[in-house]
Amino acid sequence: MWGKKNVKIPVEISARHCHLSQQDMEALFGFGSKLKKVKQLSQPSDFASEETIDIKTDSSVLQNVRVVGPVRSQTQIEISKTDAVFLGVNPPVRLSGDLAGSQAVKLIGPNGEVELNEGLIIARRHIHCSPEEAKKAKLRPGQIVSVEIQGERALMLNCVEVRVRDDYKLCLHLDTDEGNAAGINKIGEGFII
Ligand SMILES: [Zn+2]
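All of these numbers come straight from a predicted model, not from anything done at the bench.

1. Brief notes about the overall build of the protein chain
Link 1 in the chain: Across its full length, the protein chain carries four helices and 14 strands.
Link 2 in the chain: For 193 residues, the compact-globule estimate of 2.2 N^0.38 gives 16 Å, and the C-alpha radius of gyration of the protein chain, at 17 Å, lies within 12% of that figure.
Link 3 in the chain: Across the 193 residues of the protein chain, 46% fall into the buried class.
Link 4 in the chain: Restricting the contact set of the protein chain to residue pairs at least 6 apart, pairs at least 24 apart contribute 67%.
Link 5 in the chain: For the protein chain, the accessible surface area stands at approximately 10100 Å², while carbon and sulfur atoms represent 49% of it.
Link 6 in the chain: Looking at charge distribution, the protein chain has the averaged site of its 25 positive side-chain charges lying 6 Å from that of its 25 negative ones.

2. Structural notes on the coordination of the zinc ion
Link 1 in the chain: Taken together, His126 (NE2), His128 (NE2) and His173 (ND1) make up the protein donors of the zinc ion, found 2.0 Å from the metal.
Link 2 in the chain: Taken in chain order, the donor set of the zinc ion reads H-x1-H-x44-H. Note that His126 is positioned in strand S10 (residues 126-129) and His173 in strand S13 (residues 171-175), a separation of 47 residues in sequence.
Link 3 in the chain: The exposure class of His173 is buried, given its relative accessible area of 12%.

3. Thoughts on unusual backbone geometry
Link 1 in the chain: Here Gly69 and Pro70 are connected by a cis peptide whose omega angle stands at 0°.
Link 2 in the chain: Note that Pro70 resides in the loop between strand S5 (61-69) and strand S6 (76-78).
Link 3 in the chain: The phi angle at Cys159 is positive, at roughly 60°, despite the residue not being glycine.
Link 4 in the chain: Classification of Cys159 as partly exposed rests on a relative accessible area of 47%.
Link 5 in the chain: One non-glycine residue, Lys186, adopts positive backbone phi at about 75°.
Link 6 in the chain: With respect to the secondary-structure elements, Lys186 resides in the loop between helix H4 (176-182) and strand S14 (187-192).
Link 7 in the chain: Overall, the relative accessible area of 62% leaves Lys186 in the exposed class.

4. Description of the nonpolar core
If you look at soluble globular proteins, the nonpolar side chains tend to sit buried side by side.
Link 1 in the chain: Counting residues in hydrophobic clusters, the biggest one holds 23 residues, and the most contacted among them are Leu20, Ile53, Ile55, Ile77 and Leu107.
Link 2 in the chain: Residue assignment for this core shows that the elements contributing at least two residues are helix H1 (22-29), strand S4 (47-56), S5, helix H2 (81-87), strand S8 (103-108) and strand S9 (113-123).
Link 3 in the chain: In terms of residue count, S9 provides more of this core than any other element does, four residues in total.
Link 4 in the chain: Apart from the residues lying within four places of it in its own chain, the contact partners of Leu107 are Cys18, Leu20, Leu28, Ile53, Asp54, Ile55, Thr75, Ile77, Gly112, Glu113, Val114 and Leu116.
Link 5 in the chain: If you look at the next biggest cluster of nonpolar residues, it comprises 21 residues, including Val11, Ile13, Ile127 and Ala134.

5. Concerning the environment of Gly179
Link 1 in the chain: Here Gly179 shows up in helix H4.
Link 2 in the chain: Put simply, Gly179 and Val11 are 168 residues apart on the chain and 9.0 Å apart in space, counted from C-alpha to C-alpha.
Link 3 in the chain: Those residues in contact with Gly179 that lie beyond four places of it in its chain are Ile13, Leu174 and Ile184.

Cut-offs applied
Residues numbered from 1 in each chain as written. Predicted model: local features only at pLDDT ≥ 70, side-chain atom pairs only at ≥ 80, totals over all residues. Heavy atoms only, no water. Helix = DSSP H or I, 4+ residues; strand = E, 2+ residues; numbered from the N terminus. Rg over C-alpha atoms; globule rule 2.2 N^0.38 Å. Buried < 20%, exposed > 50% of the residue type's maximum accessible area, 1.4 Å probe, protein only. Contact = heavy atoms within 4.5 Å. Areas by Shrake-Rupley, 256 points an atom, 1.4 Å probe, with all protein chains shown as cover. Lys, Arg positive; Asp, Glu negative; His and termini not counted. Charge placed at Lys NZ, Arg CZ, Asp CG, Glu CD. Donors = N, O, S within 2.8 Å, 3.2 Å for Na, K, Ca; no water. Core = buried A, V, L, I, M, F, W, Y, C linked by side-chain atoms within 4.5 Å.

Scope: geometric values only; no functional claims are made or implied.
Given below as structure tokens:
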């Protein structure tokens, strides 16, 4: 089943969420607070926390946006294009961690607010995989591939970047707009072309 073409890959839809720095987390939830883990996510390093925040722009508010732990070095908020239109902003499509010059935004928590100069992005679609999985599937770090989704809303997703890390597990991450376009609700499967 592993070959140069048509490698089957699990697909997961990431709903809008937020990663927080320790400093911003404490500003939003109180000094000394910790994120409470509710659910392990498929990438072993990540968990959904009990905490949620609101995202505020000049024109709108998105409420109850899930915080994903653990804390990171920089706060990053990932929303869909539909969310961006609702909020009246135009964040760039970026890979996680690539935040320089991204959209400014205000976050509101139960204990306070944080005004960010950058950090709001639309996540660029990407594949997570471990070095072993990359080798088996003949994928290189940073490689751009296409993934075909089959079914009644079949479509081809181009410009998918491969991310390789020891603690990653093979999976294609899409946002809710992409999932809806492909007729995928939460989980599905695709084929790397
Ligand atoms: Zn991801």
